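The lines below spell out each chain.
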Amino acid sequence: SEPKEVNKITLLPGDGIGPEITEATMAVLNTLSECTDGLEFDFTEGLIGGAALDATDSPFPDETFKSCTESDSVLLACIGGPKWDGNPRDKRPETGLLAMRKQMGLFANLRPAKVLPQL
């Protein structure tokens, strides 16, 4: 059999329901890998947003940036929440998203959509 193609993915669960979304996404990708010859995923988890602020005092830590740049793709779930609303601008979760976009040259979030025939 052919060697498997390993796709490095940095997971950024973030805040709120983000960890749940990330867990479900990993389950789907693992099932896809099991059902597809030659496809394998190598997951690394990073911190962003409020979770990163709580753990490191930075909304987009250098370790997360490094992991993102060393990956084939990045899956970002959710960031933010009322817990951090009173923080100064540089210590708010969304500042992590803005930093990630700037440092990585990103400009869009891609979200899958399904158009219903009734629309």
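Predicted model only: the values in this text are computed from it and were never measured.

Rules behind the numbers
Residues numbered from 1 in each chain as written. Predicted model: local features only at pLDDT ≥ 70, side-chain atom pairs only at ≥ 80, totals over all residues. Heavy atoms only, no water. Helix = DSSP H or I, 4+ residues; strand = E, 2+ residues; numbered from the N terminus. Buried < 20%, exposed > 50% of the residue type's maximum accessible area, 1.4 Å probe, protein only. Lys, Arg positive; Asp, Glu negative; His and termini not counted. Charge placed at Lys NZ, Arg CZ, Asp CG, Glu CD. Phe/Tyr/Trp six-rings, centres within 6.5 Å; stacked < 30°, edge-to-face > 60°. Core = buried A, V, L, I, M, F, W, Y, C linked by side-chain atoms within 4.5 Å. Salt bridge = Lys/Arg side-chain N within 4 Å of Asp/Glu carboxyl O. Arc of directions from axis to C-beta. Contact = heavy atoms within 4.5 Å. Pairing = 2+ DSSP bridges. Axes fitted to C-alpha atoms, helices over the stretch in contact; angles between N-to-C directions.

(A) Broad picture of the overall build of the chain. Within the chain, the secondary structure is distributed over four helices and three strands. Dimensions along the principal axes, computed over C-alpha positions, put the chain at roughly 55 × 45 × 25 Å. Relative to its 119 residues, the chain shows a buried fraction of 28%. Both charge centroids of the chain, one from 11 positive and one from 19 negative side chains, sit 8 Å from each other.

(B) Molecular detail of the packing of aromatic side chains. Counting across every chain of the model gives two aromatic pairs. Considering the side-chain rings of Phe 60 and Phe 65, the 6.2 Å spacing of their centres and the 75 degrees angle between planes classify their relative orientation as edge-to-face. For Phe 60, a relative accessible area of 5% gives the class buried.

(C) Representation of the nonpolar core. Among the nonpolar cores identified, the biggest contains six residues, and these are Leu 12, Ile 48, Phe 60, Cys 68, Leu 97 and Met 100. If you look at the next biggest cluster of nonpolar residues, it comprises five residues, including Leu 11, Leu 29, Leu 39 and Phe 41.

(D) Spatial organisation of the pattern of salt bridges. Enumeration over the complete set of coordinates arrives at six salt bridges. Measuring nitrogen to oxygen at the nearest pair gives 2.8 Å for the salt bridge that ties Asp 54 to Lys 83. Taken together, the residues span a long stretch of sequence, with Asp 54 in helix 2 (residues 49-56) and Lys 83 in the loop between strand 3 (73-78) and helix 4 (93-104) at a distance of 29 residues. For Asp 54, a relative accessible area of 48% corresponds to the partly exposed category. Classification of Lys 83 by relative accessible area gives exposed; the value is 57%. Between Lys 91 and Asp 57 there is a salt bridge, with its nearest N and O atoms 3.1 Å apart. With Lys 91 in the loop between strand 3 and helix 4 and Asp 57 in the loop between helix 2 and helix 3 (62-69), the pair connects residues that are 34 residues apart, well separated along the chain. Overlapping salt bridges, with partners in common, bring together Asp 85, Arg 89, Arg 92 and Glu 94 in one network.

(E) Molecular detail of helix 2. Of all the residues in helix 2, the buried ones are Gly 49, Gly 50, Ala 52 and Leu 53. Seen from one end, helix 2 has its buried residues packed into an arc of 160 degrees, which puts them on one side. Close packing links the buried residues of helix 2 with helix 4. Positive phi appears at Asp 57, one or two residues downstream of helix 2, with a value of about 70 degrees.

(F) Representation of the sheet that holds strand 1 (residues 5-14). Overall, parallel pairing links the three strands, which are arranged 2-1-3 in an open sheet. The strands lining the two open edges of the sheet, one partner per strand, are strand 2 (39-45) and strand 3. Along the sheet, successive strands turn relative to each other by an average axial angle of 30 degrees, direction set aside. Along the sheet face, helix 1 (residues 18-35) touches strand 1, strand 2 and strand 3 and points at about 160 degrees away from the line of strand 2.

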